[in-house]
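Next come the chains, spelled out residue by residue.
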Amino acid sequence: MTASTTRSGTVRPTGLWGVCLASLGVFLVTWALCWVNAYVMHDDLPNTCGDVRRQSFPPEVACASADGTLTGANAGWIEALFYTSLGVFVLLAGMVIALASVRRK
């Protein structure tokens, strides 16, 4: 199910590649959402806030108020999806590369 044979007789891990590329797609979409939230939607936030907190990975520009609330911060589920999809992509890309190198020997 995770491998298919091509005409030349080589075996390719199609299921692993599919999940790997899907997780890369999710990572890029969540990165773009975080970037848009930080630099498009909350572009004027540093002008109206005294305590600006910046984060570069994932991108975030937030304003911290005196009572501890953050305005403009990324949603928790977006950041969880961001890091999870990045981890899944790195793990599966490593597995696919290792599987390809073992099968070539």
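As shown above, the structure is provided for reference.
Because the structure is predicted, anything quoted here is derived from the model rather than measured.

Section: the overall build of the protein chain
When you go through the protein chain residue by residue, the secondary structure sums to three helices and five strands. Beginning at the N terminus, the succession of helices and strands in the protein chain can be written as β-β-α-α-β-β-β-α. For the protein chain, buried positions account for 27% of its 105 residues. Accessible surface for the protein chain amounts to roughly 7,000 Å². Of this, 65% is attributable to carbon and sulfur atoms.

Some remarks on the environment of T48
Along the polypeptide, T48 turns up in helix α2 (residues 45-48). Residue class for T48 comes out exposed when judged on its relative accessible area of 63%. Sequence separation of T48 and C63 is 15 residues, and the distance between their C-alpha atoms is 8.8 Å.

Description of helix α3 (residues 76-104)
Over its 29 residues, α3 extends 42 Å from the first C-alpha to the last, a length consistent with the 42 Å expected when each residue adds 1.5 Å. Every buried residue of α3 is listed here: I78, E79, F82, S85, L92, A93 and V96. Among the structural elements, α1 (14-41), β3 (52-56) and β4 (59-64) are those in contact with the buried residues of α3.

Concerning the packing of aromatic side chains
Here the structure, examined in full by the defined rule, presents five aromatic pairs. With 5.1 Å between their ring centres and 65° between their planes, F57 and F82 make a pair best called edge-to-face. Note that F57 is positioned in the loop between β3 and β4 and F82 in helix α3, a separation of 25 residues in sequence. On the basis of an interplanar angle of 65° and a centroid distance of 6.2 Å, the ring pair of F57 and Y83 is categorised as edge-to-face. Here Y83 lies in helix α3 and F57 lies in the loop between β3 and β4, a separation of 26 residues in the sequence. Residue F57 is classed as partly exposed on the basis of its relative accessible area of 41%. Relative accessible area serves as the criterion here: at 38%, Y83 is assigned to the partly exposed category. Grouped by ring-pair contacts, the aromatic residues F27, F57, F82 and Y83 constitute a single cluster.

Here we look at the pairing of β4
Where burial is concerned, most of β4 is hidden: six out of the six residues are buried. The alternating pattern of β4 places P59, V61 and C63 on one face and E60, A62 and A64 on the opposite face, and all of these are buried. Note: β3 against β4, five bridges, orientation antiparallel. Residue pairing across strands places S56 opposite P59, the latter belonging to β4. Taken together, the two bridges between β4 and strand β5 (residues 70-71) define a ladder with antiparallel strand orientation. Residue A64 lies in a different strand from β5, and its bridge partner there is L70.

Criteria and thresholds
Residues numbered from 1 in each chain as written. Predicted model: local features only at pLDDT ≥ 70, side-chain atom pairs only at ≥ 80, totals over all residues. Heavy atoms only, no water. Helix = DSSP H or I, 4+ residues; strand = E, 2+ residues; numbered from the N terminus. Buried < 20%, exposed > 50% of the residue type's maximum accessible area, 1.4 Å probe, protein only. Areas by Shrake-Rupley, 256 points an atom, 1.4 Å probe, with all protein chains shown as cover. Expected span 1.5 Å × (residues − 1). Contact = heavy atoms within 4.5 Å. Phe/Tyr/Trp six-rings, centres within 6.5 Å; stacked < 30°, edge-to-face > 60°. Pairing = 2+ DSSP bridges.

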